[in-house]
Amino acid sequence: MQNEQMIQAINDQVNKEFFSAYFYLAMQTYFSSMNLDGFANYFRVQVQEERDHALGFFNYLNKIGGKVTLSEIKEPQNEFSSPQEVFELALKHEQFITNSIYELMNISREIKDHTTEIFLQWYITEQVEEEENMGRVLNKLKLINGDGAGLFMIDSELAQRVYVPAVIPGAV
Ligand code: FEO
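Residues numbered from 1 in each chain as written. Predicted model: local features only at pLDDT ≥ 70, side-chain atom pairs only at ≥ 80, totals over all residues. Heavy atoms only, no water.

### A closer look at the overall build of the protein chain
To keep it simple, the criterion reads: Segments assigned H or I by DSSP are reported as helices when at least four residues long, segments assigned E as strands when at least two residues long, and all are numbered from the N terminus. Only C-alpha atoms enter the radius of gyration, while the globule expectation follows 2.2 Å times N to the 0.38, with N the number of residues. Burial classes follow relative accessibility: with a 1.4 Å probe on protein chains only, a residue under 20% of its type's maximum area counts as buried, one over 50% as exposed, and anything between as partly exposed. Any two residues whose heavy atoms approach within 4.5 Å are treated as being in contact. Reported accessibility uses the Shrake-Rupley method at a 1.4 Å probe radius. Residues are deemed covered only where the shown protein chains occlude them. In summary, the charge assignment counts Lys and Arg as positive and Asp and Glu as negative, without counting His or the chain termini. We put the charge of a Lys on NZ, of an Arg on CZ, of an Asp on CG and of a Glu on CD.
Tallying secondary structure elements over the protein chain gives five helices and zero strands in all. Start at the N end of the protein chain and walk to the C end: the helices and strands fall as α-α-α-α-α. Since a compact globule built from 172 residues should have a radius of gyration of about 16 Å, the 17 Å found for the protein chain is in line with a globular shape. Along the longest, intermediate and shortest principal axes, the C-alpha atoms of the protein chain span 55 × 25 × 25 Å. Out of the 172 residues in the protein chain, the part that is buried amounts to 48%. If you take every contact in the protein chain between residues at least 6 apart in sequence, the share linking residues at least 24 apart comes to 81%. Accessible surface, the protein chain: about 9,100 Å² in total, of which carbon and sulfur atoms supply 55%. Of the side-chain charges in the protein chain, 13 are positive and 25 negative, and the distance between the mean point of each set is 3 Å.

What follows is the structure, encoded as structure tokens:
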């Protein structure tokens, strides 16, 4: 696979996934500063997952002989007004990433790059989970509507999240 459009799009996706890690690191910092350690843990795990996603695209590109070009990672939003705002932004960002991966899939289908199409399958499935996870916490935050006791309950739940390294077929 040496289609320039596909290679460029995968390079862009490496950047977007690293940006995701950066963005979620800012969210982790926000929650740490509020002493909401469970929320901070949730984003600490999320940062590690995003790094795995980025390296998955990076490794795949190397494996198929495409040229990796690392570009600047833009500055993320660093200030947030509430936990609910954080999860609204996180869900919106995941929806953006899903659309970006759909676009990669569209290109691979257009150029009949079946290897990349199979590789992208893992990410398509992963995005369902990513949106679901962010949406689930957001809904709980809406339900408690700023109630302190409710916030601490969600915080305790999110403290349980554990990082499991992603095994991405085609990228190891
Ligand atoms: Fe790498 Fe959260 O999508």
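### Comments concerning unusual backbone geometry
Phi is positive for Lys112, which is not a glycine, with a value near 55°. Topologically, Lys112 is positioned in the loop between α3 (83-110) and α4 (114-144). Relative accessible area serves as the criterion here: at 63%, Lys112 is assigned to the exposed category. Despite not being glycine, Asn145 has its phi angle at roughly 50°, a positive value. Positionally, Asn145 belongs in the loop between α4 and α5 (148-158). Overall, the relative accessible area of 67% leaves Asn145 in the exposed class.

### Focus on the environment of Leu141
Locating Leu141 in the fold gives a position in helix α4. Given a relative accessible area of 4%, Leu141 falls into the buried group. Counting along the chain gives 82 residues from Leu141 to Asn59, while the straight-line C-alpha distance between them is 37 Å. What Leu141 contacts, discounting residues up to four positions off in sequence, is Phe39, Pro83, Gln84, Phe87, Gly146, Leu151 and Ile154.

### What about the nonpolar core?
Note the following rule: Nonpolar cores are built from buried Ala, Val, Leu, Ile, Met, Phe, Trp, Tyr and Cys residues. Side-chain atoms within 4.5 Å join them into one set.
Core analysis: the largest hydrophobic core is formed by 27 residues, its most contacted members being Met27, Phe31, Phe39, Phe43 and Phe87. Sorting the residues of this core by element identifies α1 (4-33), α2 (37-63), α3, α4 and α5 as the ones contributing at least two each. Among the elements that take part in this core, α1 stands out by supplying eight residues, more than any other. If you look at the next biggest cluster of nonpolar residues, it comprises 19 residues, including Met6, Ile10, Met105 and Ala171.

### Looking at α4
Rule in force here: Multiplying 1.5 Å by the residue count of a helix minus one yields the expected span of that helix. To obtain the bend at a residue, axes are fitted to the seven residues ending there and to the seven starting there, and the angle between these axes is taken.
The end-to-end C-alpha separation of α4 is 46 Å, in line with the 45 Å expected for 31 residues at 1.5 Å each. Largest kink in α4: about 30°, centred on Leu120. Positive phi shows up at Asn145, right after α4, with a value of about 50°.

### Regarding the packing of α2 against α4
Rules: Here, axes are lines fitted to C-alpha atoms. For helices the fit covers the stretch in contact, and angles between N-to-C directions go from 0 to 180 degrees. Put simply, angles under 35 degrees are roughly parallel, angles over 145 are roughly antiparallel, angles from 65 to 115 are roughly perpendicular, and the rest are oblique. A clockwise turn of the near helix away from the far one marks a right-handed crossing, whereas an anticlockwise turn of less than a right angle marks a left-handed crossing. Each residue is assigned to one of three groups, with Ala, Val, Leu, Ile, Met, Phe, Trp, Tyr, Cys and Pro labelled nonpolar, Asp, Glu, Lys and Arg labelled charged, and all others, Gly among them, labelled polar.
α4 packs onto α2 with a crossing angle of 165° between their chain directions and a minimal axis gap of 12 Å. One way to sum up the angle between α2 and α4 is to call them roughly antiparallel. By crossing handedness, the relation of α2 to α4 is classed as left-handed. Of α4, the residues touching α2 (which contributes Phe39, Tyr42, Phe43, Gln46, Glu49, Glu50, Asp52, His53, Gly56, Phe57 and Tyr60) are Thr115, Thr116, Phe119, Leu120, Trp122, Tyr123, Glu126, Glu130, Asn133, Met134, Val137 and Leu141. Within the contact of α2 with α4, the residues separate by chemical class into 12 nonpolar, six polar and five charged.

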